[in-house]
Amino acid sequence: MGAYILVECKNWRAHVNLQQVRNIAHISSMKGNKTALFFSAAGMTKDAEKEINRLSAQEIFVICITAVI
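Residues numbered from 1 in each chain as written. Predicted model: local features only at pLDDT ≥ 70, side-chain atom pairs only at ≥ 80, totals over all residues. Heavy atoms only, no water.

### Points about the environment of threonine 66
- With respect to the helices, strands and loops of the structure, threonine 66 is situated in strand S3 (residues 61-66).
- With 56 residues separating them along the chain, threonine 66 and lysine 10 place their C-alpha atoms 9.5 Å apart.
- Setting aside chain neighbours within four positions, we find threonine 66 in contact with Ser40, Gly43 and Met44. (Helix = DSSP H or I, 4+ residues; strand = E, 2+ residues; numbered from the N terminus. Contact = heavy atoms within 4.5 Å.)

Following this line, the structure appears as structure tokens:
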């Protein structure tokens, strides 16, 4: 998972979307990280979930923790 983990929190009413996942993955890669934690109060869009799966194939791991049940 790498030596460092990037963490981002979104206390939004809107779902985290594809662009936010790409942004955190890009920042994480630029910092030399392999893993990012995403805390989201509202959940994620289906496109964002697909992007997380795609990134994992490139060994860039975005772990999303949501409050949505």
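### Things to note about the pattern of salt bridges
- Inspection of every chain in the model, using the stated rule, returns 5 salt bridges.
- Ionic pairing is found between glutamate 51 and arginine 22, a salt bridge with its closest N-O pair at 3.4 Å. With glutamate 51 in helix H2 (residues 46-57) and arginine 22 in helix H1 (residues 18-30), this pair connects stretches of sequence that are 29 residues apart.
- With a shortest N-O distance of 3.9 Å, lysine 46 and glutamate 49 are connected by a salt bridge. (Salt bridge = Lys/Arg side-chain N within 4 Å of Asp/Glu carboxyl O.)

### Some words on the sheet that holds S3
- Strands sit in the order S1-S2-S3 across an open sheet of 3 strands; the sheet is parallel. Sheet topology places strand S1 (5-10) and S3 at the edges, where each strand pairs with a single neighbour. Averaged over all pairs of adjacent strands, the angle between their axes in this sheet comes to 15°, without regard to strand direction.
- As defined by bridge partners, S1 adjoins strand S2 (residues 35-40) across 6 bridges and the pair is classed as parallel. When the bridges of S2 are listed, glutamate 8 appears paired with phenylalanine 38.
- The sheet contacts of H1 involve S1, S2 and S3, and relative to S2 the element is tilted by about 145°. (Pairing = 2+ DSSP bridges. Axes fitted to C-alpha atoms, helices over the stretch in contact; angles between N-to-C directions.)

### Points about the environment of valine 62
- By the secondary structure assignment, valine 62 is in strand S3.
- Remark: the alpha-carbon pair of valine 62 and arginine 22, spanning 40 residues in sequence, is separated by 9.7 Å.
- Not counting residues up to four positions away in its chain, the partners in contact with valine 62 are Ile24, Ala36, Phe38, Ile52 and Leu55.

### Quick look at the confidence of the model for the chain
- Across the chain, pLDDT averages 89, with 93% of residues at or above 70.
- At the level of individual helices and strands, the chain shows its lowest average pLDDT in S1, which scores 88, and its highest in H2, which scores 96. (pLDDT = per-residue confidence, 0-100.)

### Considering the packing of H1 against H2
- Two numbers describe how H1 lies on H2: the axes approach to 8 Å, and their chain directions differ by 30°. The angle between H1 and H2 falls in the class roughly parallel. Contacts between H1 and H2 pair Leu18, Val21, Arg22 and Ala25 from the former with Asp47, Ala48, Glu51, Ile52 and Leu55 from the latter.
- In terms of residue class, the contact of H1 with H2 is made up of 6 nonpolar, no polar and 3 charged. (Parallel < 35°, antiparallel > 145°, perpendicular 65-115°, else oblique. Nonpolar A, V, L, I, M, F, W, Y, C, P; charged D, E, K, R; others polar.)

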